[in-house]
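Coordinate analysis (summary)
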Amino acid sequence: MTYCVALLLDEGLVFASDTRTNAGVDQVAIFPKMNVFEVPGERVITLLTAGNLAITQAVVNRLREAIKVEDIAHLNNVGSMFEAAQLVGDVMRDVFERDAEHLKNHNTDFNASILLGGQIKGEKPRLFNIYAAGNFIETCRETPYFQIGETKYGKPIIDRVVKYNSDMMDAVKCVLISFDSTIRSNISVAAPIDLMLYRTDSLSANCRQRIEEKDPYYATIRQGWSDGLKTVFSGLPSPDWC
């Protein structure tokens with residue numbers, strides 16, 4: 001399992017993903033789930049992946065291999081973010097055609113999902129959620145974020161705080177708190193957390209951070225959030241039903 005979240009704000013995009021992959025309690029490893037395709041000054045496209053690691057790695061590797069081939073569409077030459085989402089969906093379907101039947105024969109589902117966001121020069125930043133079937137949806141001002149993987153623990157926090165016009169650094173705090181809540185409740189999600197901030201029209205992917213378990217800032221907001229919840233809880237009135 002994993003946890004990934006991406007937000008589309010007025011200021012730009014925020015991407016975050018954990019790095020834990022496990023195939024059982026004694027087969028735990030760290031694998032990055034954030035993949036960035038960049039042509040500096042022209043485009044930045046970021047993918048966050050969740051699900052079967054072999055499937056998502058196959059999709060990402062095919063996307064990277066396509067860039068080496070002339071005269072075909074790839075993430076470094078498509079004309080819009082919508083076309084980029086279509087391309088990733090098509091590759092997902094290709095991998096399904098190749099692997100789904102074999103996975104079924106081994107009692108394994110074709111389980112994969114991808115968040116794709118970024119900006120291509122000439123259009124605004126956009127964010128998509130691509131499903132295992134290759135179809136996808138796009139964010140809107142009313143719902144400016146997507147999550148994939150183990151989403152239920154962090155969703156209530158983001159729902160209460162993040163809006164399209166939220167300050168980017170406030171959104172980062174909220175995202176990290178949502179990760180803390182998820183990590184506390186689900187052993188299959190863990191630090192390090194890969195974080196990327198993309199500011200609208202920068203066309204640069206130079207603001208990236210890997211946050212370890214003992215990162216001083218992460219530790220500060222985790223403790224502050226925990227203490228704050230206890231303070232608020234203790235100040236709530238008790239029921240007088242009996």
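Refer to the structure presented above.
A quick note: this is a predicted structure, and the numbers were derived from the prediction, not measured.

1. Some thoughts on the overall build of the chain
- Looking only at helices and strands, the chain features five helices and twelve strands.
- Relative to the 2.2 N^0.38 estimate, which gives 18 Å for 242 residues, the radius of gyration of the chain is 19 Å and therefore close to what a compact globule would have.
- By its C-alpha atoms, the chain is 70 × 45 × 35 Å across when sized along the principal axes.
- Per-residue burial over the chain gives 48% buried out of 242 residues.

2. Observations regarding the pattern of salt bridges
- Counted under the stated rule, the structure contains 15 salt bridges.
- With a closest N to O distance of 2.7 Å, K155 and D159 form a salt bridge. Taken together, the positions of K155 and D159, both in helix α3 (residues 155–161) and four residues apart, correspond to about one turn of that helix.
- Overall, K155 belongs to the partly exposed group, its relative accessible area being 37%.

3. Observations regarding the sheet that holds strand β10 (residues 145–149)
- Strand order in the open sheet formed by five strands is β10-β1-β2-β11-β12, with antiparallel pairing between adjacent strands. Both edges of this open sheet fall to β10 and β12 (208–211), since each of them pairs with a single strand only. In this sheet, adjacent strand axes meet at a mean angle of 10 degrees when their direction is disregarded.
- The strands that helix α4 (residues 168–185) touches are β1 (3–8), β2 (12–18), β11 (193–199) and β12; relative to β11, the one it contacts most, it runs at about 160 degrees.

4. Points about the nonpolar core
- Formed by 27 residues in total, the largest nonpolar core has its most connected members in V5, L7, V14, F179 and I193.
- For this core, the element with the highest residue contribution is α4, accounting for nine residues.
- Not counting residues within four places of it along the chain, the set of residues in contact with I193 comprises A16, S17, D18, L176, F179, I183, Q209, R210, I211 and Y218.

5. Some words on the pairing of strand β8 (residues 126–130)
- Across the five residues of β8, four count as buried, placing the element largely inside the fold.
- As paired strands, strand β7 (residues 112–120) and β8 are joined by five bridges and run antiparallel to one another. Paired with G118 across the strands is R126, a residue of β8.
- Bridge count between β8 and strand β9 (residues 136–138): three bridges; the pairing is antiparallel. Considered in β9, the bridge of N129 is made with I137.

6. Quick word on unusual backbone geometry
- Between A191 and P192 the backbone carries a cis peptide bond, its omega angle lying at 5 degrees.
- One non-glycine residue with positive phi stands out, namely D71, at about 65 degrees.
- Within the secondary structure, D71 is located in the loop between α1 (53–67) and α2 (81–105).
- Overall, D71 belongs to the exposed group, its relative accessible area being 80%.

7. Comments concerning the packing of α4 against helix α5 (residues 216–235)
- Running from N to C, α4 and α5 cross one another at 75 degrees; their axes reach a closest spacing of 10 Å. Comparing the axis directions of α4 and α5 gives the class roughly perpendicular. In this structure, α4 uses K173, L176, I177, F179, D180, S181, I183 and R184 to contact α5, whose residues at the interface are Y217, Y218, I221, R222, W225 and S226.
- By residue class, the composition of the contact of α4 with α5 is eight nonpolar, two polar and four charged.

Cut-offs used in this document
- Residues numbered from 1 in each chain as written.
- Predicted model: local features only at pLDDT ≥ 70, side-chain atom pairs only at ≥ 80, totals over all residues.
- Heavy atoms only, no water.
- Helix = DSSP H or I, 4+ residues; strand = E, 2+ residues; numbered from the N terminus.
- Rg over C-alpha atoms; globule rule 2.2 N^0.38 Å.
- Buried < 20%, exposed > 50% of the residue type's maximum accessible area, 1.4 Å probe, protein only.
- Salt bridge = Lys/Arg side-chain N within 4 Å of Asp/Glu carboxyl O.
- Pairing = 2+ DSSP bridges.
- Axes fitted to C-alpha atoms, helices over the stretch in contact; angles between N-to-C directions.
- Contact = heavy atoms within 4.5 Å.
- Core = buried A, V, L, I, M, F, W, Y, C linked by side-chain atoms within 4.5 Å.
- Parallel < 35°, antiparallel > 145°, perpendicular 65-115°, else oblique.
- Nonpolar A, V, L, I, M, F, W, Y, C, P; charged D, E, K, R; others polar.

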